[in-house]
Amino acid sequence: MKKILLIEDEVSIAELQRDYLEISDFSVDIQHTGDAGLQQALQRNYHLIILDIMLPGLNGFEICKQIRAVKNIPIVLVSAKKEDIDKIRGLGLGADDYITKPFSPSELVARVKAHLARYERLSGSHPKSNTIYVHGISIDKSARRVHINGEVVPFTTKEFDTLVFFVMHPNQVLSKEQLYENIWGLESAADVSTVTVHIRKLREKIERNPAHPKFLETVWGAGYRFNV
């Protein structure tokens, strides 16, 4: 049974989300404050964390940052804030998804399942082909570890998944919609800010000059292409 930590200060919302997740065979722990949520996230092992942004004590942005520094598991941010700047900030700190309130509990369950399924698929063990080498980049799919020019470079869950998807589809133009559906696992129109943020973060890590990318190229009006 997959274990999920839900950090949400509104008790009724937390209990409703927990009920829907437990019906889908997830084990759910709840914390209602930022400080307690962070402590539990760091001390125990979870498969995924659902994190509200507005919390008593530490806010969700700070919690996300501290969790991501030591754990490579899916993090789903939840907020009543609809501004793109908040979404971009959360994704930039390493969150894998951002859901705006109000939303249906069934949508949350669908997103949780999609993130876990893709995390398992992309981190599965493939003894004969679990390491990819390209442009001085070594990608160990089993260990979910990336070396660039011999040095280990930390990648968030979705940054890693995005990089692997690109290198597995070299020289192909991939639209934002394709990236969103295959990496985030949701059959809907691509969340442009989500994809754009992750492309920018990838370029900062793999390109010599992110402003003028050589490997991860923008094909205007079509999408992106990973040149090999």
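Residues numbered from 1 in each chain as written. Predicted model: local features only at pLDDT ≥ 70, side-chain atom pairs only at ≥ 80, totals over all residues. Heavy atoms only, no water.

Colleague: Looking at this structure, I do not really get the pairing of strand 1 (residues 3-7). What am I missing?
Modeller: Across a regular strand the side chains alternate sides, sitting on one face of the sheet and then on the other. Within strand 1, four of the five residues are buried, which leaves it mostly tucked inside the rest of the structure. Bridge count between strand 1 and strand 2 (residues 27-31): five bridges; the pairing is parallel. Note on strand 2: the bridge partner recorded for isoleucine 7 is glutamine 31. In this fold, the crossover linking strand 1 to strand 2 by way of helix 1 (residues 11-23) has right-handed handedness. Taken together, the four bridges between strand 1 and strand 3 (residues 48-52) define a ladder with parallel strand orientation. Residue isoleucine 4 lies in a different strand from strand 3, and its bridge partner there is leucine 48. (Buried < 20%, exposed > 50% of the residue type's maximum accessible area, 1.4 Å probe, protein only. Helix = DSSP H or I, 4+ residues; strand = E, 2+ residues; numbered from the N terminus. Pairing = 2+ DSSP bridges. Right-handed = clockwise from strand over helix to strand, strands pointing away.)

Colleague: Sorry if this is basic, but what is going on with the packing of aromatic side chains here?
Modeller: The relation between two aromatic rings is expressed through the spacing of the ring centres and the mutual angle of the planes. Within this structure, the stated rule accounts for one aromatic pair. Considering the side-chain rings of tyrosine 180 and tryptophan 184, the 5.7 Å spacing of their centres and the 15° angle between planes classify their relative orientation as stacked. With tyrosine 180 and tryptophan 184 both in helix 7 (residues 176-184) and four residues apart, this pair spans about one turn of that helix. For tryptophan 184, a relative accessible area of 1% gives the class buried. (Phe/Tyr/Trp six-rings, centres within 6.5 Å; stacked < 30°, edge-to-face > 60°.)

Colleague: How should the sheet that holds strand 4 (residues 75-79) be read in this particular structure?
Modeller: Think of a sheet as strands paired side by side through backbone hydrogen bonds, with each pair either parallel or antiparallel. Pairing is parallel across the open sheet formed by five strands, whose spatial order is 2-1-3-4-5. The two strands at the open ends of the sheet, each matched to only one other strand, are strand 2 and strand 5 (97-100). Averaged over all pairs of adjacent strands, the angle between strand axes in this sheet comes to 20°, irrespective of strand direction. By the bridge criterion, four bridges tie strand 4 to strand 5 in an arrangement that is parallel. Following the sheet pairing, valine 78 is matched in strand 5 by isoleucine 99. (Axes fitted to C-alpha atoms, helices over the stretch in contact; angles between N-to-C directions.)

Colleague: So what exactly am I meant to see when it comes to the pattern of salt bridges here?
Modeller: For side chains of opposite charge, pairing can occur when their charged atoms come near one another. Under the counting rule described, the total for this entry stands at 14 salt bridges. In this structure, the salt-bridge partner of aspartate 29 is arginine 44, at a minimum N-O distance of 3.8 Å. Taken together, the residues aspartate 29 in strand 2 and arginine 44 in the loop between helix 2 (34-43) and strand 3 connect sequence positions 15 residues apart. For aspartate 29, a relative accessible area of 23% puts it in the partly exposed group. Assessed through its relative accessible area of 44%, arginine 44 is described here as partly exposed. (Salt bridge = Lys/Arg side-chain N within 4 Å of Asp/Glu carboxyl O.)

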